[in-house]
Structures are given as C-alpha cells and as structure tokens.
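Summary of the model geometry
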Amino acid sequence: EDFQREAIEKRIKNKRPIIPIINDICFFENYDCKDLSFDLWKKNNIKCPNHLTISPESHLNESIQAISHFIKGYKKILLRTNNESDGNGMFVLDNSSTEENIKETLSILINRCKKFLLTRQATRIMAVEFISPVKENDYQDLYRVHILFGKIISFYAVTSKRDVFH
C-alpha cells in the first residue's frame, strides 16, 4: 500500500475539474515507469529507445537469454530498474558481457526490485537500447523539456564528459 499516493490523491481529487494537474498522481506509473512511458511515446509516434521489460519474478535463465539476445541487436544496452532516477539501479552491458556478467547484474536488479515492490507494484527490470551520443567535442549534453498544452513551460540541460550519466 502506498500511503503517500493515497494522501496526494485525497488532496487533489477535487481540484481536477478546476485546474489542469501536471503529472497527476492517478497516472503515476505512466511517468514513473520508463517502460510504460516508452510504450506511450511509441504509441503516439514519439521517438524513444527500444526496450525489453522483464518481470523480477521471471525465470532467471530465460531472462538472461532474452537480455543476451537484446545486447546482440544493439551492441550496448542499459540494464536498469524501470522506476529509479539519477542513474540508480542502472548498469551498462555490451557485446563483451558474458552470461555470468548478465546474471550478476540481473541478480542485483532483482533484489532492488524486491525492495520496491512493497510500495511500488509496477517495479520491473528493463533492457534499454543505448543511444550513442553525437558529440562535437568532449562533452555530451542532455536536455529535458516540460511541455503543457503544446507550450514549453520549463527546460534544462546537463553536460558531462561521461558517456553515461543522469
């Protein structure tokens, strides 16, 4: 049971007919869970990385094989939880990753998921296509833009020399 979500729901339920609510709690999984976000984006023809969703309860050997196959298609992937941020619960795997590497990483992620499942039932594991940055110099820039009713309401950029950062 997620008591924080219930408290937020109580506070805003009467406001919905009056004002637009950005990232409404009733759609929490759609923006909290990257796999659901990606599925919604694809459905609406918005470009996003290809991904594979894995339940933490899935058979380990089948998951390892699915991840191995996914890596072969993309050369480099992110294996991560679907609902953590700041690079937490995120690992980079590539063609040189052995089945043992995949198993170790998957085991770490399964344990992370088990902790979250108590309050965040949509927690899963994702294999995500790694999109190599296009760099004109030693830096990579990431941009995030927030749009409401077709208008930009805020944005920011993050810059790093690292290949993978959040």
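Here is what the cut-offs are and how they apply
Residues numbered from 1 in each chain as written. Predicted model: local features only at pLDDT ≥ 70, side-chain atom pairs only at ≥ 80, totals over all residues. Heavy atoms only, no water. Patch = residues over 30% accessible without salt bridge, like charges linked within 9 Å, V, L, I, M, F, W, Y side chains within 5 Å. Areas by Shrake-Rupley, 256 points an atom, 1.4 Å probe, with all protein chains shown as cover. Salt bridge = Lys/Arg side-chain N within 4 Å of Asp/Glu carboxyl O. Helix = DSSP H or I, 4+ residues; strand = E, 2+ residues; numbered from the N terminus. 1 Å grid on protein atoms, 1.4 Å probe; cavity = no way out; pocket = protein on both sides within 12 Å on 5 of 7 lines; lining within 4 Å. Points joined across faces, edges and corners; volume = space filled by probe spheres on them. Nonpolar A, V, L, I, M, F, W, Y, C, P; charged D, E, K, R; others polar. Pairing = 2+ DSSP bridges. Axes fitted to C-alpha atoms, helices over the stretch in contact; angles between N-to-C directions. Buried < 20%, exposed > 50% of the residue type's maximum accessible area, 1.4 Å probe, protein only.

1. Structural notes on a nonpolar patch on the surface
- A cluster of nonpolar side chains, contributed by Val 145, Ile 147, Ile 152 and Phe 155, occupies part of the molecular surface with about 450 Å² of accessible area.
- Positionally, Ile 147 belongs in strand 5 (residues 140-148).

2. Things to note about the layout of surface pockets
- In this structure, the largest pocket encloses a volume near 2,000 Å³.
- Lining the largest pocket we find 45 residues, and of these Lys 34, Phe 38, Trp 41, Tyr 143 and Arg 144 sit closest to its centre.
- The set of elements that each furnish at least two residues to the lining of the largest pocket consists of helix 2 (28-32), helix 3 (34-43), strand 2 (76-81), strand 4 (125-129), strand 5 and strand 6 (151-160).
- Counting residues per element, the lining of the largest pocket draws most heavily on strand 5, at nine residues.
- Grouping the constituent residues of the lining of the largest pocket by class yields 27 nonpolar, eight polar and 10 charged.

3. Remarks on the sheet that holds strand 1 (residues 51-54)
- Taken together, four strands build an open sheet; the order of strands is 1-4-2-3 and the sheet is antiparallel. Edge strands, defined here as strands with exactly one partner in the open sheet, are strand 1 and strand 3 (90-94). Taking each pair of neighbouring strands and ignoring which way they run, the sheet shows an average axis angle of 20°.
- Of the strand pairs in this sheet, strand 1 and strand 4 are connected by four bridges, and their pairing is antiparallel. Bridge pairing links Ile 54 to Ile 125 in strand 4.

4. Quick word on the pattern of salt bridges
- A complete count under the given rule lists six salt bridges for this structure.
- The salt bridge partner of Arg 5 is Glu 29, with a shortest N-O separation of 2.7 Å. Highlighted residues: Arg 5 in helix 1 (residues 3-12) and Glu 29 in helix 2, separated in sequence by 24 residues.
- Among the ionic pairs, Arg 124 bridges to Asp 35, the shortest N-O distance being 2.9 Å. A residue pair is termed long-range when its members are at least 10 positions apart, and Arg 124 in the loop between helix 5 (99-116) and strand 4 and Asp 35 in helix 3 qualify at 89 residues. Taken individually, Arg 124 and Asp 35 each receive the classification buried, so the pair is uniform in this respect.
- Beyond isolated ion pairs, a larger network of salt bridges with shared partners links Glu 9, Arg 16 and Asp 24.

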